Each structure stands twice: as structure tokens, then as C-alpha cells.
Amino acid sequence: MKVLTVDTEVNSEHPVSGASVPKRPAPRLPGREPELSRLTSLFPVALDGTAASAVLVGEFGMGKSATLHTAAALAADAGFTVAVATGSRLESHLPGGLARQLADALDEPGAPRPSFAEQCGPAGESEALEHFFRLVRDATERGPLFLGIDNVHLADAWSMRCLAYIRHRVLDLPVLIILTSLTGHPPHREVALLEMAGCTPATITLNGLGDAAAAEILGLAPGELATACREATGGNPYLLNALRPRLLPGADPHELGSSLIGQVLHTRMQEFPDAPAILHAAAILGEDAGFDLLAQLAGVDELDALQAIDTMVRLHLLHNSSRPTLTLPFVRNSVLKDMPQTTRAVNHARAAKLLSETGAAAERVAAHLLEATSIRIPWGVDVLRLSARNAVFSGRPDLGARYLRRALEERLTSGRRVAVLLQLAHAEFQLDPPAAAQRVREAVDTVGNRDTAAFIASAMLLSLCGGQDARLAISAAGQIAARLDAGGPDAVWPLLCMTYLAEAGSRLGPPPEFRDFEEQWAPLTDPAAQRSRSALLALDAVRSGASSPDAVAHFADAMTGDDGELFEQHYFFTLATAVLADEPAHVDRLCRVLDVEREPWDVHVPHGALPTLARGIALQASGDLQRASVHFESLLRRFDERGGTTTCPVGVLCAAKLVECWVDLGRFEAATSLLDRMDFVASQGLFTHTYLLYARGRLRVATGYTRFGFEDLLSCGRRLAHHGMRFPGFVPWRAHAARAALALGQADDAARLAEEDMTASTRWGAARPLGTALTTLGLVREDDEAERALNKAITTLRSSPARLQLATALTELGTLQARHGQSEKAIETLRQAVELSEHCGARPLARRAAEELRSARRALTPAKDNEHGLTRQENRIAVMAAQGLTNREIATALHLTRRTVELHLSGAYRKLGIPGRAELGGALAKSQRGG
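Model, not experiment: these values are computed from the prediction.

1. A word on the overall build of the chain
- In terms of regular secondary structure, the chain is built from 47 helices and 5 strands.
- Looking at the chain residue by residue over its 931 residues, the buried ones come to 54%.
- Considering only intrachain contacts with a sequence separation of at least 6, the fraction spanning at least 24 residues in the chain is 67%.

2. Focus: the side chain of D664
- Here D664 is to be found in helix α33 (residues 649-665).
- Taking relative accessible area as the criterion, D664 reaches 13% and is therefore assigned buried.

3. A short note on helix α16 (residues 329-337)
- All of the buried residues along α16 are F330, V331, N333, S334, V335 and L336.
- Those residues of α16 that are buried are in contact with α10 (224-233), α11 (237-243), α12 (259-269), α13 (275-285) and α17 (341-357).

4. Description of the pattern of salt bridges
- Counted by the stated rule, this structure contains 34 salt bridges.
- R314 is the salt-bridge partner of D310, the closest N and O atoms lying 2.9 Å from each other. Of the two residues, D310 and R314 both sit in helix α15 (residues 302-314), 4 residues apart, roughly one turn of that helix.
- One salt bridge connects R406 with E410, and the closest N-O pair in it is separated by 2.9 Å.
- On the basis of relative accessibility, which here comes to 4%, the residue E410 falls in the buried class.
- It is possible to trace a salt-bridge network through shared partners that takes in R376, R406, E409 and E410.

5. Things to note about the pairing of strand β4 (residues 175-182)
- The buried fraction of β4 amounts to 8 of the 8 residues, a majority that puts the element mostly inside the structure.
- Because side chains alternate across β4, one face comprises the buried residues V175, I177, L179 and S181, and the other comprises L176, I178, T180 and L182, equally buried.
- Relative to β4, strand β1 (residues 52-58) runs parallel, the two being bridged by 7 bridges. Bridge assignment links S53 to a residue of β4, and that residue is I177.
- Both strand β3 (residues 145-150) and β4 contribute to a ladder of 5 bridges, which runs parallel. What sits directly across from L145, in β4, is V175.

6. Description of the packing of aromatic side chains
- In total, this model carries 7 aromatic pairs according to the counting rule given.
- Aromatic pair F555 and F572: ring centres 5.3 Å apart, planes at 50°, arrangement tilted. Within this pair, whereas F555 is found in helix α27 (residues 548-558), its partner F572 is found in helix α29 (residues 570-580), the two being separated by 17 residues in sequence. In this pair, the class of F555 matches that of F572, namely buried.
- Ring geometry for Y691 against Y694: centres 5.5 Å apart, planes inclined by 85°, an arrangement best described as edge-to-face. Here the residue Y691 and the residue Y694 both occupy positions in helix α35 (residues 689-702), the gap between them amounting to 3 residues, near one helical turn. The exposure classification of Y691 matches that of Y694, with both residues buried.
- Just above the ring of Y165 sits the side chain of R169; from NZ or CZ to the centre is 3.7 Å.
- Across the ring face of W379, the terminal group of K353 is positioned such that the distance to the ring centre comes to 4.9 Å.

7. Things to note about α13
- The buried count for α13 comes to 9 of 11 residues, which makes it a mostly enclosed element.
- G286 occupies a position one or two residues after α13 and carries a positive phi of about 60°.

8. Description of the sheet that holds strand β2 (residues 81-86)
- Reading across the sheet, the 5 strands line up as β2-β3-β4-β1-β5 and stay open at both edges, with parallel pairing between neighbours. The open sheet has two edge strands with one neighbour each: β2 and β5 (202-206). Taking the axes of each pair of neighbouring strands and ignoring which way they run, one obtains an average angle of 15° across the sheet.
- Against the sheet, helix α1 (residues 33-40) contacts β1, β4 and β5, and its axis sits at roughly 165° relative to β5.
- Against the sheet, helix α3 (residues 64-77) makes contact with β1, β2, β3, β4 and β5, and its axis sits at roughly 170° relative to β3, the strand it touches most.

9. Remarks on the confidence of the model for the chain
- In the predicted model, the chain carries a mean pLDDT of 85, and the fraction of residues at 70 or more is 88%.
- Across the chain, α13 holds the top mean pLDDT of 96, while helix α5 (residues 116-119) sits lowest at 53.
- A low-confidence stretch, residues 1-23 stays under pLDDT 50, and its non-local contacts, those more than four residues away or across chains, total 48 contacts.

10. What about unusual backbone geometry?
- In this model, D274 sits at a positive phi of 65°, which is unusual for a non-glycine residue.
- By the secondary structure assignment, D274 is in the loop between α12 and α13.
- A relative accessible area of 30% places D274 in the partly exposed class.
- Unusually for a residue other than glycine, H316 sits at a positive phi of about 65°.

11. Comments concerning the environment of F668
- If you trace the backbone, F668 turns up in helix α34 (residues 668-677).
- Here the alpha-carbon distance between F668 and L699, two residues 31 residues apart in the chain, equals 7.1 Å.
- When residues no more than four places from it in sequence are discounted, the contact partners of F668 are V663, L699, A702, T703 and P844.

12. Regarding the packing of helix α32 (residues 625-641) against α33
- It is at 9 Å that the axes of α32 and α33 come closest, and there the two elements cross at 145°. The interaxial crossing formed by α32 with α33 has left-handed handedness. Touching L625, Q626, A628, S629, F632, E633, L635, L636 and F639 of α32 are V650, G651, C654, A655, K657, L658, C661, W662, D664 and L665, all from α33.
- Among the residues making up the contact of α32 with α33, the classes are represented as 13 nonpolar, 3 polar and 3 charged.

13. Notes on the side chain of R768
- Secondary-structure assignment places R768 in helix α39 (residues 767-780).
- Residue R768 is classed as buried on the basis of its relative accessible area of 14%.
- With sequence-adjacent residues up to four places away left out, R768 is seen in contact with D582, A621, S622, L797, S800, A802 and Q805.

14. Thoughts on the nonpolar core
- In terms of nonpolar packing, the biggest core is built from 229 residues, with F567 and W733 touching the most fellow members.
- Of the residues forming this core, the biggest block, 12 residues, is contributed by α33.
- Setting aside residues up to four positions removed in sequence, W733 forms contacts with Y694, L713, L714, C716, G717, L720 and L753.
- If you look at the next biggest cluster of nonpolar residues, it comprises 34 residues, including A51, V136, W158 and L173.

15. Digging into a negative patch on the surface
- On the surface, D274, D292, D301, E302 and D304 cluster together to form a negatively charged patch.
- Its place among the elements puts D304 in helix α15.

16. As for the packing of helix α30 (residues 584-594) against helix α31 (residues 609-621)
- α31 packs onto α30 with a crossing angle of 165° between their chain directions and a minimal axis gap of 8 Å. In terms of orientation, α30 lies roughly antiparallel with respect to α31. Relative to α31, α30 is oriented so that their crossing is right-handed. Of the residues in α31, those touching α30 at V587, D588, L590, C591 and L594 are L610, P611, A614, R615 and A618.
- Taken together, the residues that form the contact of α30 with α31 break down as 8 nonpolar, no polar and 2 charged.

The rules we used
Residues numbered from 1 in each chain as written. Predicted model: local features only at pLDDT ≥ 70, side-chain atom pairs only at ≥ 80, totals over all residues. Heavy atoms only, no water. Helix = DSSP H or I, 4+ residues; strand = E, 2+ residues; numbered from the N terminus. Buried < 20%, exposed > 50% of the residue type's maximum accessible area, 1.4 Å probe, protein only. Contact = heavy atoms within 4.5 Å. Salt bridge = Lys/Arg side-chain N within 4 Å of Asp/Glu carboxyl O. Pairing = 2+ DSSP bridges. Phe/Tyr/Trp six-rings, centres within 6.5 Å; stacked < 30°, edge-to-face > 60°. Lys NZ or Arg CZ within 6 Å of the ring centre and 35° of its normal. Axes fitted to C-alpha atoms, helices over the stretch in contact; angles between N-to-C directions. pLDDT = per-residue confidence, 0-100. Left-handed = near helix turned anticlockwise from the far one by under 90°. Nonpolar A, V, L, I, M, F, W, Y, C, P; charged D, E, K, R; others polar. Core = buried A, V, L, I, M, F, W, Y, C linked by side-chain atoms within 4.5 Å. Patch = residues over 30% accessible without salt bridge, like charges linked within 9 Å, V, L, I, M, F, W, Y side chains within 5 Å. Areas by Shrake-Rupley, 256 points an atom, 1.4 Å probe, with all protein chains shown as cover. Lys, Arg positive; Asp, Glu negative; His and termini not counted. Charge placed at Lys NZ, Arg CZ, Asp CG, Glu CD. Parallel < 35°, antiparallel > 145°, perpendicular 65-115°, else oblique.

Okay, structure coming up:
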């Protein structure tokens, strides 16, 4: 039925609540049109002489009363006699209170009979019930009757009995009964709701309003703000009206609350045992409100707490889930606003302690520590620092700064204060660089214990490893080092060393000349200072590319202690793993040094990542590509989880190593997909970006984008040269660039690159780079020189773990031998190449070696159309020579060297039994079968 609106004056002949009704329009209820439509659809049923009923059910503040009274006004306009009674918490103990309201409205003035009030009570129970029924029946004789009972859940027992009494007696009367009840309110002990509603009622649930209705109540235009307000209040009209005056410009609706609403809720919970305490505990705990924590924080026995939680869930104050949190942000904020500040602070401190004892995430504990202002919580400093660290590295420096400022409110030792100040400087550096500089100066002024200060500064260098963050750490460490300098070289050397490594790894150009510190080496006696000295010597040997044995020895000296912090520094780690990859004993030692129980300083680096990556690099160097890729892939997933794959230097190195591994395995699509995810711009400032360029260059060459790959490899070389890195084993970029140059027809460039690689590798002296350089040299030289270079490469590589490089050298030698007509030698060499490359899992190399092997075997098969056993190649070259072509012309036409042509012709002369070229034509004619 169409909703009846009252835009005309209500007729005074229709009594409402026993009095004439003033002429007024029905109130407008935004968003309640569907509910009112369902109610007014019952009007025709009652007007036709049959009873109808409905129950309006809703949470506190959903507008049950307003909807009922609007329906009553519409009923009056439709011709109903209207009587409305309202249940009250303060009157629920008075017998017949609600029934008296209805009776007074229905009792016809001047009637000669005792009033209903006079008959209520045990003595006249039957008469009173019958009298109430007669009042209802008599009212229906005057016209249809609308009975509205608001807050029926608060009705007294006697009134409920009256409503239940008339239930079956009005079925054939024109009566419409509308009840309103609070969702989840426990039913009365005597009478159920359905017993009072008369006939089977229509149940209408008032849910939260939509965005449009919420916006209308708030006086806002529909949009994001109105939606946020609706979400914060659940679309509850009462809460929306309470929110409206607090909705100032820029305010976040999810953070607003009303102390008045908090008082009302606290008062309403008083009728349920322990509910007020649970309500306060739920407001304090927020999203951490588990059952155990609620009971403990509320100080309530678990069974009692369960009963209170059950009630509040049914009232829709708490979520019906394993974590019974408050359903609405506005409700939680309102309860908190009604709580005295000291009470809130103490309860947040208690909540933080409870959460900490249950092993909750640091961020959850820290959220409560932030609210526990003015409460001393010394144990919370470490939690706040860890949470700040995670917040800053997840892109929320403002939250991290809040945690750290709260930590500074505690009573701290000078060392801990320095640590917190430096960490706060990092957080503020992303928000306000001048403020960060002031924090650094404050930290330097606070330095007390030298060892503690040096340790803190070193930790900062290790945790801030890229971009402007690294510059801040280097600046802070330099200032602290200057403050510690008075303690002598032993006190300052480890910090100076870590600062130097950070400086070297964070710049693209050459690092500072570390021998500026050389005069301080002699008096070093502290083991940590001596290890730092060895680290710098190793770095100098690597950068100069002068001596592999010296570099390995210095790295070994730097690993003599159990402290692996030097090797946690990403620049030093990258170079150390490249140098030590062919030294199994040293790799084992490095992994043990790096395998520490504590978390890495860099939040992006997962626990155990460095030893895993070091082991993977060693496996890759030994040619165990499958196992290496497993190490890299599992580690990359963990870097992805921490968001460090594209920005953390160690994450970039891991990704680049995996791409290189996949290229050798022939997994080109996977390698392409991973490189597509990498942020080449963000990683440009990292030293490990060089390895990323190298990996991309190799992939492009392998997939046919030779020109682009060649440019990547040259760019890699330029970056290394600009950095002053002469160590040829970091990435063998020249070897792959030379191959690309040959493919592009740039033989001169290939020869130059091969010679440069040979010079650098000979100077360095390690087997892997030297064998790789000799292999490349064999590709650009001709004839005997090429064969000698490749044989020497194989001999050199057999003395190293570099099986993949050995397989490559064997493939190149076998191919050369086949071209020179040494098919038997070629077959044996290529057989070894196939076996070794398959063992490494290098499918592209194995396919190429296998194809060359098949060609070599076919070359040994005699041509079918001659009787002297000439091979196919010998027969082809002999025919061309008989036709008058010179050796040079034959070599050019068949892409062979002149030496190879000469060897094939010598074999043909011997098999044909002729002395030389002059007799070749006749001998070939006689050798043709059937000739």
C-alpha cells in the first residue's frame, strides 16, 4: 500500500493518547521510507476488521520510537483511534504502568465504571484483565484502533500479561498492534514477545541508514565524508546526530566520539552484571579485544565475563566473532571520551602488558603504550623502538616518530637515549630534515659511554643502507666518531671502518681514499679494530684488482671473530661473496659468521637471509644452478613480503643473481617477469644495481635483443670503472659483451674487450676469471692461437669449482676442433661439454653442445657418393678446389679459416692417393660411383 503522508492537519475527532491531537504534519524520517511503507501496508487489514500486528526491532538509537510515532500519526490521518504507551526503565517495576497508559488513552471520559487503575493488582486480576479487554473492544466499536507500545522490552510483567490476555480476543476486531523492542534485549521471564503481539506479527528490523540518508541528517552533500560518517556510526541516526556538532573541518569521523553517548551506554549497561567493566575493557583494547584479555582487563571472572559478552553481542554492541570488539568506532571513541584520562592511561598500560605477555605483535603493544601517557613503562622502550623501525620502513615515518617521542618520555640511560634520538632523527628526516639534523646533534651531545655510542652508530649504518637514509646515517656516524676520537684509534676504528664501507657502497663514484687512515693502523691492538683494518685491506685489494690471494687472506682475517656485523654491511657482503665464492672453506666460515640469532639491522632483510644468499652464490659459482635457484627463489619471496626486493641492496642482489641463474637454466620467461618487477630507477643509487644491469644484459643477449644487451653490459662496465672497481670477478661483463659484439659483427670491439679482460684477470690471478678470459680470447683469435687459448682455459678452470665455465670452454674448443676437421677430438671434447652442462642444468649450453656433437659425428661419416671415404666436408672443399677456387676463397665461402681448409685438403689428397691440387679433378671424377 502507498505510504500515507500527513501534509494536512490531523482531525481532532481522532483521539491520540486520549487527547485531541493538535494539527501538525508527521515528522520526516530520512531513510525510513521502506519501514514505514511496510507498516502502512497493514492499515487496510485492520480497516477491513481483522487484527494485524508488527514488531519494530532495532539497536539502541536506530529510531524505533520515531518510526512508531510517525506510523501513529499516519494511522490517525487514516482514521484510526491511536493509543501509544512507552515502556520506561524507571517504571518497569510498577505493576501495570504501561497498561495504565493505554487504558487512560482508551477510557472514554464520563463512563460510569471503575477505572482500570483501580482494578490492577492481584486482588482484582481477572476483573482488571477483562476490563482492559473491554476498553480495547469498546474502542474498536468507535472505529479502527492503533495500539503502539514503545520499548516493550522495558514493560512490567502485569502490562505484558494484559497484552498477552487480549491476544486471542481481538483477532476479529479492527486492531493494529505495533511493538518496538531493542535488539537482543533479554526477554521478560513471564511473557515472550510473540505472546504480546497478538496474531503472528510482521517483524521489521531497523538497520543502519545508507549514505544518502546519513548525509541528509548531517547536512552534508553525499560523498566520501558522509560515507565515512556512516561507517563510523553504522548509520545509527542517534549517533549521527551526536556526531554532527563534532564534525569540524578536517576531522576524521573514525576518531570522533561523544562523552554523552559514553555516559548513556555506561548507564544502560548497569542493568547487566559486569557489562560496564567489559564495555570499558573493550573500548581500551580495541581490535585486540579477545575473550581472555577482556576478562583479565575488566577484572571479571571468566564465566561472568562470558555472560556479559554474550549479552553485549546480542545487543549488537560487540561483534559476534572470536574477537568480540566493539562494533562501531564512534561507540568506542565515546566510551573512551567518557573515561577519565588517568583511568585511560593506566588501563592502556595494563593492556600493553597483557598483550606483551601473550606474544602479540610489537605494533599492537606499542599502540597502547602511546596512549599510556604519564605512566612509566621502562620495558616498553624496546617495543616502541621495534614498532618505530617497522613503521618507518613500511612508509609511515610519522607513526614511527610518535612511537619514539613516547620512548623519550621514559627514564633512559645515556646510551639508550642516544639510540632513540638517532632512530628518531631517521624518522623525522623523511618529514622534516632540519629537525632530524637537530636530533643528531642532540644525540652527539648525549654521548656518554664510548663503546655504546659506537655500537649504536654502527647499527644505524647497517639499518639505513640506501639513498638519503644512508647519507643521514653516515653524517651521524661521522659526528659520533669525531666525538669518540679522543679515546684513541682502537675506540674509533671499527666505527670509522663501518662508516667508510657505508660511504663506499652508497656512491656511484670512487669511494674515499681509505689509506688516509693508514697512519693509525700501527697502534691498533683491539681485535675488533684489527678485524676492521683487515676488512679495509680486503676492500682495497678487491677495488684495485691487484691480488686474489691477498684479498682472500684479508677477508679471512676479518672473519676471525664471531661478530659478523662487517659482513652484514651490504657493500662489503656483495664483494666478499664474489671473492670467496670459489673458496668452499671460507664460504662455510662466512655462513657461520652471518648465522646469528638476532634479527638483521636492516628491517628489509629477513632473518637468516645473508647466510642463505651467500650459500646460493657459492652454489651458483660451482655450477649447481638448480640448488642455487632454489636458495634465491625462497629468499626472494621473503624479500617480497618485506617490500625490499627493489630497494634493499641485498634484495636487489638476490633478484639479480636469480635472473642470471635463470638465464643459464634457460628460464627466460621467468627471468623477464622478475626484471619487469624491478625498479631500475629506485635502485640506481645502489652498488648492487650494477649487478642488475649485468643480469638484464645477459638476458637480452640470450633472448635475441643483442644490441640492447650489449649496451647494458657496457653500462655495467662504465659504472664499475667510475666506481674504481678493477676486480674482474665481480661480474664477467667483458666476456659476455665480447660475445655480443661478435654477434653484432663488431670484431674489433670483441677483440679489445677480450684483451682487457685477459689483462685484468691475469693481474687478479684467480682461476675462474682467468679461465673465463681465456675462453673469450679463444673466440676472437684464429686457428692455433684460438685453440691454445681454449686449451689453457680448460686447464685453468679444471683447478677451480667453476664447472659451468668449464663446460662453456669445452663447448667452444669442441666447436673449434670440428671446424678444423679434428672431428675425433671434437667428439670427445663436446661429449664432455654435454655431460658437464647437463649436470649443471644449463639447458641452452647443453643444447648447443649437443648440436655441435651431432655435427661432428656427421662429419666423420663418409660421403655416400665417393669410394675413397672422403668426409662430407673434405668432399665439398675438394670439389671447390678442383673448380679453381683458392684456399682463401673457400674459407670465406664456408666461414672457415684457411688453416682448416688446408687440413681438409691434406686429408683428401691422402685418401685419393694424389700428390696435390693438380691431380684433384681427375681423382674426384674416378671416385664418383658409377663414373
